[in-house]
Amino acid sequence: MKKGTKETIQWHPAFQASIQIEFEAEAEKLTFEPEHLLSKKPMQMDELIIKVAENEVIHKNIGRIFKRYNIIEYKSPDDNLTINDFYKVYGYCCFYQSDTDKTCEIPPQELTITFICNHFPIKMIQHLKDFRGLDTVPIDAGIYYITGDAFPIQLLVTKELNPKENLWLQSLRNNMSEPDEIETLLREYETKKSSKLYQAAMNVITRANWNAVKEVKESMCEALRELMADEFKEQEERVTKQVTEQVTEQVTEQITTQIIKNLYDTIKDVEKIASLLK
């Protein structure tokens, strides 16, 4: 990376992993469709969560509002949720309901909208109150219901979420500073590190908070090395395998080339001998 340039962190894959981690205990009740395409044109939701069975009850705190079809909009830590975002996602909800072969194939009463962001969207909330008469009611730490609309709507502010309830969504930030929260995350990851979902989320969280991780590293050096030992070993084995394959390929190519050359020279010698014997 050139000095002075800022690394672009792709937050959405980590979000898609984290939202599934949050519902891990009830995963069999839900299907997750990242970047669900709304049409043949490039218009897509960040996540569409569908209950597997219509009457399933979701107990997870961030999913209690869920109906059958649940549209999710996620904003990365440096992004803000705006008034335009509200209408865009509201439009997604209406379009998703209407883009079917049969009338009301997706019942409007079975749709919900969830907004997830790191910063409380003051301007958007004020606009919804003044222009649409919608109230925003705090339900739990970081969880707000926007009431008064035909569609159930909730707002999740990630940095306000309770880490005991929503550790992975709450950790989708680039300003982690408390050693305790980093240690808690590492310990949680240790028990799940073979999971691709946890790997995807942890990779981004670590990169986004690397300075804080390095500070914790001093006090957790041995534990961190032990925690990441398998990953380091796997990486070393992958590199060794790649190098071995490349060297083998090069050597094989050189040997093959030499064999062909020798055969060619032999054929020329045979031709010369045959010519003399005629």
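Up top you'll find the structure we're talking about.
Nothing here was measured: the structure is a model prediction, and the numbers come from that model.

**What about the overall build of the protein chain?**
Next, step 1: Regarding its fold elements, the protein chain presents eight helices and seven strands.
Next, step 2: Considering only contacts within the protein chain whose residues lie at least 6 apart along the sequence, 61% involve residues at least 24 apart.
Next, step 3: Accessible surface for the protein chain amounts to roughly 16,900 Å². Of this, 53% is attributable to carbon and sulfur atoms.

**Re helix α3 (residues 122-132)**
Next, step 1: Three or more residues of α3 are buried, namely M124, I125, H127 and L128. Projected down its long axis, α3 carries its buried residues within an arc of 160°, all on one side. Residues I122, K123 and D130 are exposed on α3 and point more than 90 degrees away from its buried face.
Next, step 2: Contacts from the buried residues of α3 go to α2 (83-98), β5 (135-140), β6 (143-147) and β7 (153-157).
Next, step 3: Backbone geometry just after α3 places G133 at a positive phi near 70°.

**Here's the deal with the nonpolar core**
Next, step 1: The biggest cluster of nonpolar side chains holds 38 residues, and the ones touching the most others in it are F15, I19, F23, I49, W168 and L172.
Next, step 2: If you list the elements that add at least two residues to this core, you get α1 (11-22), β1 (30-34), β3 (69-74), α4 (163-170), α5 (179-190), α6 (196-208) and α7 (210-219).
Next, step 3: Dropping the residues within four chain positions of it, W168 is found in contact with S18, I21, E22, L185, E188, Y189, Y198, A201, M202 and I205.

**What to know about the packing of aromatic side chains**
Next, step 1: If you walk through the whole model with that rule in mind, you get 10 aromatic pairs.
Next, step 2: Judged by centre distance (4.4 Å) and plane angle (0°), the ring pair of F15 and Y74 falls under stacked. With F15 in helix α1 and Y74 in strand β3, this pair connects stretches of sequence that are 59 residues apart.
Next, step 3: Owing to a relative accessible area of 2%, Y74 belongs among the buried residues under this scheme.
Next, step 4: Centroid distance F86 to Y87: 5.2 Å. Interplanar angle 90°. Geometry classified as edge-to-face.
Next, step 5: Judged by its relative accessible area of 0%, F86 is buried.

Parameters at a glance
- Residues numbered from 1 in each chain as written.
- Predicted model: local features only at pLDDT ≥ 70, side-chain atom pairs only at ≥ 80, totals over all residues.
- Heavy atoms only, no water.
- Helix = DSSP H or I, 4+ residues; strand = E, 2+ residues; numbered from the N terminus.
- Contact = heavy atoms within 4.5 Å.
- Areas by Shrake-Rupley, 256 points an atom, 1.4 Å probe, with all protein chains shown as cover.
- Buried < 20%, exposed > 50% of the residue type's maximum accessible area, 1.4 Å probe, protein only.
- Arc of directions from axis to C-beta.
- Core = buried A, V, L, I, M, F, W, Y, C linked by side-chain atoms within 4.5 Å.
- Phe/Tyr/Trp six-rings, centres within 6.5 Å; stacked < 30°, edge-to-face > 60°.

Any functional reading would require information beyond the geometric quantities listed.
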